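# A closer look at the structure
The lines below spell out each chain.
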Amino acid sequence: TNNIIYLCETTSTKRLFFLGSIGSCTASFGIFIASSIATIFYEIFSSTYLSLWGWRLAYSISLLIGVTTYLMRRNMEETTVFQEIVNKKRIINNPILDSYKSQRKDYLIAFGLTLLPATAFNYVFMFLPNYLISSLGTNASKALSDNSISLLFRLSIIPILGIIADKIGGIKIARLASILFLILSIPLFYSIIYPSFFTTISIYLFAILTTLNAATTPGLLMKMLKPETRSTIFSFTFNCCFGIFGGIVPFISFLLINETGSKMASVYYLMFAALITFVATFFFKGNRGYE
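Reference entry: report on the structure contained in this document. Just so it is clear, the model here is predicted, and its values are computed rather than measured. (Residues numbered from 1 in each chain as written. Predicted model: local features only at pLDDT ≥ 70, side-chain atom pairs only at ≥ 80, totals over all residues. Heavy atoms only, no water.)

## Brief notes about the overall build of the protein chain
For the protein chain, the count of helices and strands is 12 helices and zero strands. Moving toward the C terminus, one meets the helices and strands of the protein chain in the order α-α-α-α-α-α-α-α-α-α-α-α. In terms of overall dimensions, the protein chain is globule-like: its C-alpha atoms have a radius of gyration of 20 Å, near the 19 Å expected for 291 residues. For the protein chain, the C-alpha atoms occupy an extent of roughly 60 × 40 × 35 Å along the three principal directions. A total of 291 residues make up the protein chain; the buried ones form 46% of that total. Looking at the protein chain alone, contacts between residues at least 24 apart form 82% of all its contacts between residues at least 6 apart. Just so you have it, the protein chain exposes about 15000 Å², and 67% of that area is on carbon and sulfur atoms. Side-chain charges of the protein chain comprise 22 positive and 12 negative groups, with the mean position of each set lying 4 Å from the other. (Helix = DSSP H or I, 4+ residues; strand = E, 2+ residues; numbered from the N terminus. Rg over C-alpha atoms; globule rule 2.2 N^0.38 Å. Buried < 20%, exposed > 50% of the residue type's maximum accessible area, 1.4 Å probe, protein only. Contact = heavy atoms within 4.5 Å. Areas by Shrake-Rupley, 256 points an atom, 1.4 Å probe, with all protein chains shown as cover. Lys, Arg positive; Asp, Glu negative; His and termini not counted. Charge placed at Lys NZ, Arg CZ, Asp CG, Glu CD.)

Spelled out as structure tokens, the structure:
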């Protein structure tokens, strides 16, 4: 998350959402690479070879990425925003404690704004491919290929939406995303679990819907959070939402389907997240981070 903050703090407020959207793309790009490699490996190797040693070969590629990232970051300078805080002696010794005492509302709003993008991303790119393969009998290579194409769509659209958000305001797009998920989740998922001509199209439309929040949430949090405690609240809410509430999406989705006996049950968790984010948009107070 700090890479997003760094990008946003090194640009003007007129390009805040665009740079924030680039930060969102980095995670999607990593998943895209992983999904593409998985697609290739499923085409080249048998499932037996993959389970024995093929997965180790895939993981070894990440070592190269890690070394490259370290070399890029080791000599980076602090942002002008941070330097200004230092110069004005506004450094907080314990930002975790301070933010908990005085900015609990900010935690809740930031959590609410981040819940839908975290849930939607894991639902579309983690749960759906697994559900298609394990429950609907879709060929693994086909499911992963569609997943990779969906991620490519996402990477292409997010920066464009970031530019638009800088023009019209990110909160409008975030609110629209919540409404669209509430309206379209059921028909889109229905067309996926009951295969038809629209099945692949629905998968891609789901992926496109996830771009709306991905392009706007970083910029919204940057505008809302005070620089002194921005990194603390930003990191906590992002990691909490994506790591915990987003990470359990596949488990919760399969659990809902198994416990209720309804194939449609999983989509209600996604709609619940959309409702929470929709409510949170009305409590958003902009420009506090850039007063």
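So, next bit.
## Details of the packing of aromatic side chains
Taken as a whole, this structure holds 16 aromatic pairs when the rule is applied. Between Tyr107 and Phe236, the aromatic rings sit 5.6 Å apart at their centres with planes inclined by 85°, giving edge-to-face as the arrangement. Here Phe236 lies in helix H10 (residues 230-245) and Tyr107 lies in helix H6 (residues 104-134), a separation of 129 residues in the sequence. Aromatic pair Phe278 and Phe282: ring centres 5.1 Å apart, planes at 85°, arrangement edge-to-face. According to the relative accessible area criterion, Phe282 is partly exposed, its value standing at 49%. Following the ring pairs from residue to residue traces out a cluster consisting of Tyr123, Phe127, Tyr131, Phe189, Phe206 and Phe254. (Phe/Tyr/Trp six-rings, centres within 6.5 Å; stacked < 30°, edge-to-face > 60°.)

## Quick notes on the packing of helix H8 (residues 170-193) against helix H12 (residues 267-281)
Working note: a packed helix pair is described by the angle between its axes plus the distance between those axes. Where H8 meets H12, the closest approach of the two axes is 9 Å, and the angle between their N-to-C directions is 160°. As far as their axial angle goes, H12 and H8 are roughly antiparallel. As H8 packs across H12, the resulting crossing turns out to be left-handed. Across from Ile171, Ala174, Arg175, Ser178, Ile179, Phe181, Leu182, Ser185, Ile186 and Phe189 in H8, the residues of H12 making contact are Val267, Tyr268, Leu270, Met271, Ala274, Leu275, Thr277, Phe278 and Thr281. (Axes fitted to C-alpha atoms, helices over the stretch in contact; angles between N-to-C directions. Parallel < 35°, antiparallel > 145°, perpendicular 65-115°, else oblique. Left-handed = near helix turned anticlockwise from the far one by under 90°.)

## Details of the environment of Ser148
Along the polypeptide, Ser148 turns up in helix H7 (residues 140-168). Sequence-wise, Ser148 and Leu212 are 64 residues apart; in three dimensions their C-alpha atoms are separated by 18 Å. If sequence neighbours within four positions are ignored, Ser148 has contacts with Phe32, Ser35, Ser36 and Thr39.

## Some details on the state of the cysteines
In this structure the tally under the stated criterion is zero disulfides. Between Cys240, a free cysteine, and Cys241, which holds the nearest cysteine sulfur, the sulfur-to-sulfur gap is 5.5 Å. For Cys240, a relative accessible area of 14% puts it in the buried group. (Disulfide = S-S within 2.5 Å.)

## What about the side chain of Thr216?
Within the secondary structure, Thr216 is located in helix H9 (residues 199-224). In contact with Thr216, other than residues within four places in its own chain, are Phe17, Ala165, Gly170, Ile173 and Ala174.

## Describing the packing of H6 against helix H11 (residues 249-260)
Put simply, H6 and H11 touch, their axes get as near as 8 Å, and they point 55° apart. Classified by the interaxial angle, the pair formed by H6 and H11 is oblique. H6 and H11 meet at a crossing whose hand is right-handed. From H6, Thr119, Asn122, Tyr123, Met126, Phe127, Asn130, Tyr131 and Ser134 reach across to H11, where they touch Val249, Pro250, Ser253, Phe254 and Ile257. Partitioned by chemical class, the residues of the contact of H6 with H11 number eight nonpolar, five polar and no charged. (Nonpolar A, V, L, I, M, F, W, Y, C, P; charged D, E, K, R; others polar.)

## Topic: the pattern of salt bridges
Within the structure shown, the criterion is met by two salt bridges. For Lys142, the salt bridge goes to Asp146, with nearest N and O atoms at 2.5 Å. Residue Lys142 and its partner Asp146 are both found in helix H7; the two are separated by four residues, about one turn of the helix. Overall, Lys142 belongs to the partly exposed group, its relative accessible area being 39%. Asp146 sits in the buried class, given a relative accessible area of 8%. (Salt bridge = Lys/Arg side-chain N within 4 Å of Asp/Glu carboxyl O.)

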